[in-house]
Amino acid sequence: MSYEALPARALDRRELRDLVDELAADPSRWEGQVDFPEEGGRHYASLYRDAYVDVWLLCWRPEDDTGWHDHDISSGAVRVVTGTLLECNPRIGGEHLETVVSAGESFSFGPDHIHRLTGAVDGSVSIHAYSPPLWRLGQYSISDSGVMRRVSVSYADELRPMDDLDQAAEVGEVAVA
Ligand SMILES: [Fe+2]
């Protein structure tokens, strides 16, 4: 699979999952981007982006947490290549759904999907593909009383739990639209 061979249109969930699975099978295309900086913080690298799809490599430590988010109009697929991620989906009035995604496993989702990803094992690595390419995302908070609210953020803003986002916005670290 080469990026040039991808169709000149938005990819569907099956195609996105095929893409991340095929990339996972060829570490030479991404292993040079794997990094766990000593200063901490989730490491991510853009592997590819065109008008129809973007592909990212993410490196996770247990403290790395995207917070609740959606992908606006994009569908996506995630393949874990090393370690384990935990995917959570919010459940109103009940326990949140938790899914362990181990190395070698992948999943896809549509624009309707709301989730939160954390690194369940230190040193986890995953490949993510989105179509159309990520531009805006919805970042959510759930209050102690269960009220959920959404803030539109740029894909360039690192996703993190809303409490951190609020604090960062107050000191001007991120643009929150
Ligand atoms: Fe996501």
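Our structure is the block above this text.
In this text, all values refer to a predicted model and were calculated from it rather than measured experimentally. (Residues numbered from 1 in each chain as written. Predicted model: local features only at pLDDT ≥ 70, side-chain atom pairs only at ≥ 80, totals over all residues. Heavy atoms only, no water.)

What am I meant to see in the coordination of the iron ion here?
Ideal donor angles around a metal are set by the shape: a four-donor tetrahedron calls for 109.5 degrees, a six-donor octahedron for 90 or 180 degrees. Coordination of the iron ion by the protein comes from His 69 (NE2), His 71 (NE2) and His 115 (NE2), over a distance range of 2.1 Å. In primary-sequence terms, the residues that donate to the iron ion follow H-x1-H-x43-H. Judged by relative accessible area, which is 3%, His 69 ranks as buried. (Donors = N, O, S within 2.8 Å, 3.2 Å for Na, K, Ca; no water. Buried < 20%, exposed > 50% of the residue type's maximum accessible area, 1.4 Å probe, protein only.)

Explain the side chain of Ser 131 to me, please; I cannot follow it from the model alone.
With respect to the secondary-structure elements, Ser 131 resides in strand S9 (residues 124-131). Looking at Ser 131, its side chain comes within polar contact range of the main-chain nitrogen of Leu 11, at 2.8 Å. Side-chain polar atoms of Ser 131 contact the backbone oxygen of Tyr 52, separated by 2.5 Å. The residues contacting Ser 131, other than those within four sequence positions of it, are Ala 10, Leu 11, Leu 16, Tyr 52, Val 53, Ser 74 and Ser 75. (Helix = DSSP H or I, 4+ residues; strand = E, 2+ residues; numbered from the N terminus. Polar contact = N/O pair within 3.5 Å; in protein donor to acceptor, adjacent residues only side chain to side chain. Contact = heavy atoms within 4.5 Å.)

So what exactly am I meant to see when it comes to the sheet that holds S9 here?
Each strand in a sheet pairs with its neighbour through backbone hydrogen bonds, running either in the same direction (parallel) or in the opposite one (antiparallel). Across the sheet, 5 strands lie side by side as S1-S2-S9-S4-S7; this open sheet has antiparallel pairing. Each having just a single partner strand, strand S1 (43-49) and strand S7 (106-109) make up the two edges of the open sheet. The average undirected angle you get between the axes of adjacent strands in this sheet is 20 degrees. Two strands pair when backbone bridges link them, and strand S4 (residues 75-82) and S9 are joined in this way by 7 bridges, in the antiparallel orientation. Paired with Val 78 across the two strands is His 128, which belongs to S9. Seen against the sheet, helix H1 (residues 13-24) touches strand S2 (54-60), S4, S7 and S9 and runs at an angle of roughly 20 degrees to S4. (Pairing = 2+ DSSP bridges. Axes fitted to C-alpha atoms, helices over the stretch in contact; angles between N-to-C directions.)

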